[in-house]
Amino acid sequence: MSDTGLDTTGHPYDHLTPDVLLDAMEEAGFHINGRIFPLNSYENRVYQVGIEDSPSVIAKFYRPGRWSREQIAEEHAFSLELVDAELPIVAPVKLANGDTIGEHNGFWFAVFPQRGGQAPDTSEPDMLWRLGQWLGQLHNVGARTPFQHRPTLDLMTGLEKEARYLTDSGLIPTDLRPAWDSLVPDLLTHARQRVEEAGPVDTVRLHGDCHAGNILVRDEQMLFVDLDDCRQGPAIQDLWLLLNGDETERSLQFSELMEGYETFRDFNRRERYLIEPLRCYRQISHAAWLARRWNDPAFPKFFPWFAQPRFWSDQVLALREQLAALQAPPINPGGPF
């Protein structure tokens with residue numbers, strides 16, 4: 001343990017050396033040229049790997065202990081089902097073993113074709129309309145059958161669990177504990193009220209982490225990547241992360257998304273009551289994620305500010321603003337709801 005109270009002991013990724021990675025790729029049937037380039041990824045380890053006389057591929061080594069083989073298989077099957085439905089998804093390729101999942105030295109891994117592009121400009125109405133169309137079609141496929149092994153998004157249970165983890169972690173500075181201890185119950189109360197106002201909502205198989213960074217645009221073509229967080233949940237989970245700016249801007253953006261989405265699939269407008277609880281959940285679970293992953297050597301390197309008291313004062317401020325958002329009327333995209 002470090003003097004910050006964070007766990008800094010060893011991690012299984014310490015054993016994912018270049019030799020292990022290259023051996024895994026050769027075993028999977030790829031004629032590698034030895035070139036490896038690590039890509040930005042913290043939850044898993046992702047590399048661009050050079051292939052002899054062929055385009056490079058992307059190798060993803062799953063974090064040990066996070067997903068079971070069955071859960072990874074469902075991610076891959078969902079990706080391939082979406083491709084079969086002619087949706088723009090980057091899906092894993094088959095390996096030498098005839099499967100999309102490889103195993104080497106204790107690591108599950110998958111290989112994907114390399115695709116380039118830039119994040120979409122979600123301030124453009126036409127882009128949001130197109131995104132809405134694709135997500136409506138994605139959810140039509142996702143509604144065919146539920147996941148059997150992937151988790152279901154349980155908003156309030158997850159929010160309460162992650163808030164409790166942080167409260168009990170010993171990481172929050174003593175001088176901020178009174179503010180934190182009074183703020184968290186209010187957040188939970190108002191989040192629960194919003195969930196109750198939404199009422200019963202249907203769930204579908206989701207992308208799960210559908211922010212602009214997981215969408216590539218090149219030559220007017222769009223691609224959804226990284227279904228690592230796919231799960232069962234309400235449709236709004238794949239929509240709200242595409243909204244940004246002030247209330248007026250987000251309302252206009254939501255209207256464009258809805259216009260495109262409802263070209264292919266009906267949307268329960270009461271799900272908009274879940275946006276701010278979901279945002280609150282993401283804020284708190286992000287901090288809990290950093291705490292749980294601190295023994296991974298990548299995290300102190302790329303998130304050094306997490307170990308500083310300033311992080312927690314900023315968190316308290318951000319969550320106070322989030323409490324105000326939970327107390328405000330939900331976003332109104334116009335039209336019946």
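Residues numbered from 1 in each chain as written. Predicted model: local features only at pLDDT ≥ 70, side-chain atom pairs only at ≥ 80, totals over all residues. Heavy atoms only, no water.

(A) Inspection of the overall build of the protein at higher detail. A count of helices and strands for the protein gives nine helices and nine strands. Rg of the C-alpha trace for the protein: 21 Å, near the compact-globule value of 20 Å for 337 residues, within the 12% margin. By its C-alpha atoms, the protein is 55 × 55 × 35 Å across when sized along the principal axes. Residue burial in the protein is summarised as follows: out of 337 residues, 50% are buried. When contacts within the protein are restricted to residue pairs at least 6 apart in sequence, long-range pairs at least 24 apart make up 72% of them. Summed over its atoms, the accessible surface of the protein is roughly 16,100 Å², and 49% of this surface lies on carbon and sulfur atoms. Here the protein carries 31 positive and 50 negative side-chain charges, and the mean point of each set is 3 Å from the other. (Helix = DSSP H or I, 4+ residues; strand = E, 2+ residues; numbered from the N terminus. Rg over C-alpha atoms; globule rule 2.2 N^0.38 Å. Buried < 20%, exposed > 50% of the residue type's maximum accessible area, 1.4 Å probe, protein only. Contact = heavy atoms within 4.5 Å. Areas by Shrake-Rupley, 256 points an atom, 1.4 Å probe, with all protein chains shown as cover. Lys, Arg positive; Asp, Glu negative; His and termini not counted. Charge placed at Lys NZ, Arg CZ, Asp CG, Glu CD.)

(B) Here's a closer look at the packing of helix α4 (residues 155–168) against helix α5 (residues 177–198). Running from N to C, α4 and α5 point in directions that differ by 175°, and their axes come no closer than 11 Å. In terms of orientation, α4 lies roughly antiparallel with respect to α5. Between α4 and α5, the residues in contact are Leu 155, Met 156, Leu 159, Glu 160, Ala 163, Leu 166 and Thr 167 and Arg 177, Trp 180, Asp 181, Val 184, Leu 188, Ala 191, Arg 192 and Val 195, respectively. Class assignment for the residues of the contact of α4 with α5 results in 10 nonpolar, one polar and four charged. (Axes fitted to C-alpha atoms, helices over the stretch in contact; angles between N-to-C directions. Parallel < 35°, antiparallel > 145°, perpendicular 65-115°, else oblique. Nonpolar A, V, L, I, M, F, W, Y, C, P; charged D, E, K, R; others polar.)

(C) How the structure looks around the nonpolar core. In terms of nonpolar packing, the biggest core is built from 70 residues, with Ile 236, Phe 306 and Trp 312 touching the most fellow members. If you tally residues by element for this core, the top one is helix α7 (residues 275–292), at nine residues. In contact with Ile 236, not counting residues within four places along its chain, are Phe 254, Phe 267, Glu 271, Leu 274, Ile 275 and Leu 278. By size, the runner-up hydrophobic cluster in this structure holds 20 residues, among which are Leu 22, Ala 24, Ala 28 and Val 111. (Core = buried A, V, L, I, M, F, W, Y, C linked by side-chain atoms within 4.5 Å.)

(D) Seen up close, the state of the cysteines. By the definition in use, this model includes zero disulfides. Here Cys 210 is not disulfide-linked; the sulfur of Cys 230 is the nearest cysteine sulfur, at 12 Å. Classification of Cys 210 by relative accessible area gives buried; the value is 1%. (Disulfide = S-S within 2.5 Å.)

(E) Seen up close, unusual backbone geometry. At Asn 105, a position not held by glycine, the phi torsion is positive, near 55°. With respect to the secondary-structure elements, Asn 105 resides in the loop between β4 (102–104) and β5 (107–113). If you check the backbone angles, Glu 220 has positive phi at about 70° while not being a glycine. With respect to the element layout, Glu 220 can be found in the loop between β7 (215–218) and β8 (221–224). Accessibility expressed as a relative area gives 60% for Glu 220, which makes it exposed.

(F) Highlighting the side chain of Arg 63. Along the chain, Arg 63 falls in the loop between β3 (54–61) and α2 (69–84). Looking at Arg 63, the relative accessible area reads 5%, which means it is buried. A distance of 2.5 Å separates the side chain of Arg 63 from the side chain of Asp 296, its partner in a polar contact. Apart from the residues within four sequence positions on either side, Arg 63 is in contact with His 11, Tyr 13, Tyr 42, Glu 43, Asn 44, Arg 45, Arg 293, Asp 296 and Phe 299. (Polar contact = N/O pair within 3.5 Å; in protein donor to acceptor, adjacent residues only side chain to side chain.)

(G) Representation of the environment of His 76 in the model. In this structure, His 76 sits in helix α2. For His 76, a relative accessible area of 1% translates into the label buried. Taking C-alpha positions, His 76 is 9.2 Å from Asp 228, a pair spaced 152 residues apart along the chain. Ignoring any residue separated from it by four or fewer positions in sequence, one finds His 76 in contact with Tyr 62, Pro 92, Thr 100, Ile 101 and Ala 110.

(H) Region of the structure containing the sheet that holds β4. Strand order in the open sheet formed by five strands is β1-β2-β3-β5-β4, with antiparallel pairing between adjacent strands. Lying at the two open borders of the sheet, with one neighbouring strand each, are β1 (32–38) and β4. Strand-to-strand twist of the sheet, defined as the mean angle between neighbouring strand axes without regard to direction, takes the value 35°. Bridge count between strand β2 (residues 45–51) and β3: six bridges; the pairing is antiparallel. Note that in β3 the partner of Val 46 across the bridge is Lys 60. Where helix α1 (residues 18–27) meets the sheet, its contacts fall on β1, β2, β3, β4 and β5, and the angle it forms with β1 comes to roughly 125°. (Pairing = 2+ DSSP bridges.)

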